[in-house]
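Spelled out, the chains give:
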Amino acid sequence: MGGELATQVLNGDAGSIAAAARVLARGGLAAFPTETVYGLGCDACNAAAVARLYDAKGRPSFNPLIAHVADGVAAHRLADFDASAERLAAAFWPGPLTLVLPKHASCPVTELATAGLDTIAVRVPSHPVAREILAAFGQPVVAPSANRSGHVSPTTAQHVLADLRGRIDLIVDGGPAPMGLESTIIACIDAPTLLRPGALSRAAIDQILPLKDLSSGAAGEEDEVPLAPGQLASHYAPRARLRLNAERVDAGEALLAFGPAQIAGAGRAVAMLNLSPGADLIEAAANLFSHLRTLDACATSSIAVMPVPEVGLGEAINDRLRRAAAPR
Ligand code: TXA
Ligand code: MG
């Protein structure tokens, strides 16, 4: 990312809530407490803001993010709830439960935040500071734990500052996060399935409905407990073949370009989109999933993809491109 930001730390009073809502509205990054851990929030519908968020965390891949909303009504605008999801939401929201659900047809959350999946993780937190910020902003906020990638989740404003000072706009200090453990994640796509154990106990969930355990289904792989559920989910895979690090465009191919350079055969591409004509990796990340989808929708069997440098967000962009290009 560009220069250092002057990271502000405010206590959780009314002024800080309004300040956080302003930061979110202009596409900035604001950390705030939830009942589980501190989250690093940004406008879920703003692809450039989401790209900056991945950059600030230093995530090497686009792990999908949890959309946080103020209440169940807002959650229903993002996702389709089956009967199990309705029961879990009624029992445990607001609170430390995240539901992974089919994305609603008119879900406004940017594809970068859901890493191109057709499912979305949704949560209604109970922490008063989080709730006030969500109510003041009035739009969904994606918020991964507010740590640098690979570090442990932060439970105080000081932890957040230690990891992210200079990389984010604001930290709202609401004291220690009461639970100190991330939310429990349950997928209600078909049978309700536990994706991540967390602050909501298994026993509490068992009172409401039986859960399938993701780790118990895989016979002979008992110790392969999934730690990053998003990596298990079936990622959006383009229909067309992706040809990475292309140095020319072949007949009949579409072109996913990066940067100002022209490559041979670009003029005959059946369709062309540029991730970032100015070679800005944040802009490229913001455009990645929508450009892939758009090119995939035009009748071509192959998309030539120009090289993207393996620095900063380029690492995550290339990770995603490699997955999309993998034979299946
Ligand atoms: O307690 C929490 O959940 C905290 C607070 C800030 O809300 N947030 C949090 O976010 O732990 P994060 O990004 O650190 O973890 C979210 C997890 C990731 O492992 C991701 O793979 C998974 O949720 N996830 C998100 N969307 C998903 C989806 N559509 N399918 C499967 N897994 C998903
Ligand atoms: Mg995390």
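Quick notes on the rules
Residues numbered from 1 in each chain as written. Chains lettered and ligands numbered in written order. Predicted model: local features only at pLDDT ≥ 70, side-chain atom pairs only at ≥ 80, totals over all residues. Heavy atoms only, no water. Helix = DSSP H or I, 4+ residues; strand = E, 2+ residues; numbered from the N terminus. Buried < 20%, exposed > 50% of the residue type's maximum accessible area, 1.4 Å probe, protein only. Contact = heavy atoms within 4.5 Å. Areas by Shrake-Rupley, 256 points an atom, 1.4 Å probe, with all protein chains shown as cover. Lys, Arg positive; Asp, Glu negative; His and termini not counted. Charge placed at Lys NZ, Arg CZ, Asp CG, Glu CD. Pairing = 2+ DSSP bridges. Axes fitted to C-alpha atoms, helices over the stretch in contact; angles between N-to-C directions. Core = buried A, V, L, I, M, F, W, Y, C linked by side-chain atoms within 4.5 Å. Domains from an automatic or database assignment. 1 Å grid on protein atoms, 1.4 Å probe; cavity = no way out; pocket = protein on both sides within 12 Å on 5 of 7 lines; lining within 4 Å. Points joined across faces, edges and corners; volume = space filled by probe spheres on them. Nonpolar A, V, L, I, M, F, W, Y, C, P; charged D, E, K, R; others polar. pLDDT = per-residue confidence, 0-100. Expected span 1.5 Å × (residues − 1). Parallel < 35°, antiparallel > 145°, perpendicular 65-115°, else oblique. Left-handed = near helix turned anticlockwise from the far one by under 90°. Polar contact = N/O pair within 3.5 Å; in protein donor to acceptor, adjacent residues only side chain to side chain.

(A) Focus on the overall build of the protein chain. Counting its regular elements, the protein chain contains 11 helices and 15 strands. For the C-alpha atoms alone, the extent of the protein chain along its principal axes is close to 60 × 50 × 35 Å. Counting the 328 residues in the protein chain, one finds 54% classified as buried. By sequence separation, contacts in the protein chain at least 24 residues apart represent 66% of the contacts at least 6 residues apart. Accessible area of the protein chain: about 13,800 Å², with a carbon and sulfur share of 54%. Here the protein chain carries 26 positive and 32 negative side-chain charges, and the mean point of each set is 4 Å from the other.

(B) Summary view of the sheet that holds strand 11 (residues 212–213). Read from one edge of the open sheet, 11 strands run 1-8-2-3-7-4-6-5-9-10-11, paired in mixed fashion. Strand pairing shows two members of the sheet lacking a second neighbour, strand 1 (8–11) and strand 11, which therefore form its edges. Looking at chain direction, strand 2 (residues 30–33) and strand 3 (residues 38–43) are connected through four bridges and run antiparallel. When the bridges of strand 3 are listed, P33 appears paired with Y38. Strand contacts of helix 1 (residues 14–25): strand 1, strand 2, strand 3, strand 7 (141–142) and strand 8 (170–173), with the helix running at about 150 degrees to strand 8, the strand carrying the most contacts. Relative to strand 2, helix 5 (residues 128–137) is tilted by about 135 degrees, and along the sheet it contacts strand 2, strand 3, strand 4 (66–68), strand 7 and strand 8.

(C) The nonpolar core, seen in detail. One finds F62 and L99 to be the most contacted residues of the largest nonpolar core, which totals 77 residues. Here this core takes nine residues from helix 10 (residues 281–297), the largest share from any one element. Two domains each donate at least three residues to this core, and these are domain 1 (8–217) and domain 2 (241–325). The contacts of L99, once residues within four sequence positions are left out, are F81, A85, L88, A89, W93, I120, A121, V122, I186 and C188. With 17 residues, the next largest nonpolar core counts A19, V23, L134 and V172 among its residues.

(D) Structural detail: the layout of surface pockets. Estimates place the volume of the second largest pocket at around 170 Å³. In terms of lining residues, the second largest pocket is bounded by V69, A70, A74, R77, L78, P108, L134, G138, Q139 and P140. The residue makeup of the lining of the second largest pocket, split by class, is seven nonpolar, two polar and one charged.

(E) Highlighting the confidence of the model for the protein chain. In this model, the protein chain carries an average pLDDT of 91, and 92% of its residues clear a pLDDT of 70 or more. Across residues 216–234, where pLDDT falls below 50, the model places 16 contacts with residues more than four positions away in sequence or in other chains.

(F) Here's a closer look at helix 1. The end-to-end C-alpha distance of helix 1 is 17 Å, a good match for the 16 Å that 12 residues give at a rise of 1.5 Å each. Every buried residue of helix 1 is accounted for by S16, I17, A19, A20, A21, V23 and L24. Tucked inside the fold, the buried residues of helix 1 contact strand 1, strand 2, strand 3, helix 5, strand 7 and strand 8. After helix 1 finishes, the residue G27 shows a positive phi value of roughly 85 degrees.

(G) Here's a closer look at the packing of helix 1 against helix 5. The interhelical angle for the contact between helix 1 and helix 5, taken along N-to-C directions, is 50 degrees, at an axis separation of 9 Å. Here helix 1 lies oblique to helix 5, going by the angle between them. Handedness of the helix 1/helix 5 crossing: right-handed. Across the interface between the two elements, I17, A20, A21, L24 and A25 of helix 1 pack against V129, E132, I133, A136 and F137 of helix 5. For the contact of helix 1 with helix 5, the residue count by class is nine nonpolar, no polar and one charged.

(H) Just the side chain of T36, in detail. Tracing the chain through its elements places T36 in the loop between strand 2 and strand 3. Within polar-contact distance, the side chain of T36 engages the side chain of R123 at 3.2 Å. The contacts of T36, once residues within four sequence positions are left out, are P96, R123, A177, M179, G180, L181, E182, S183 and A199.

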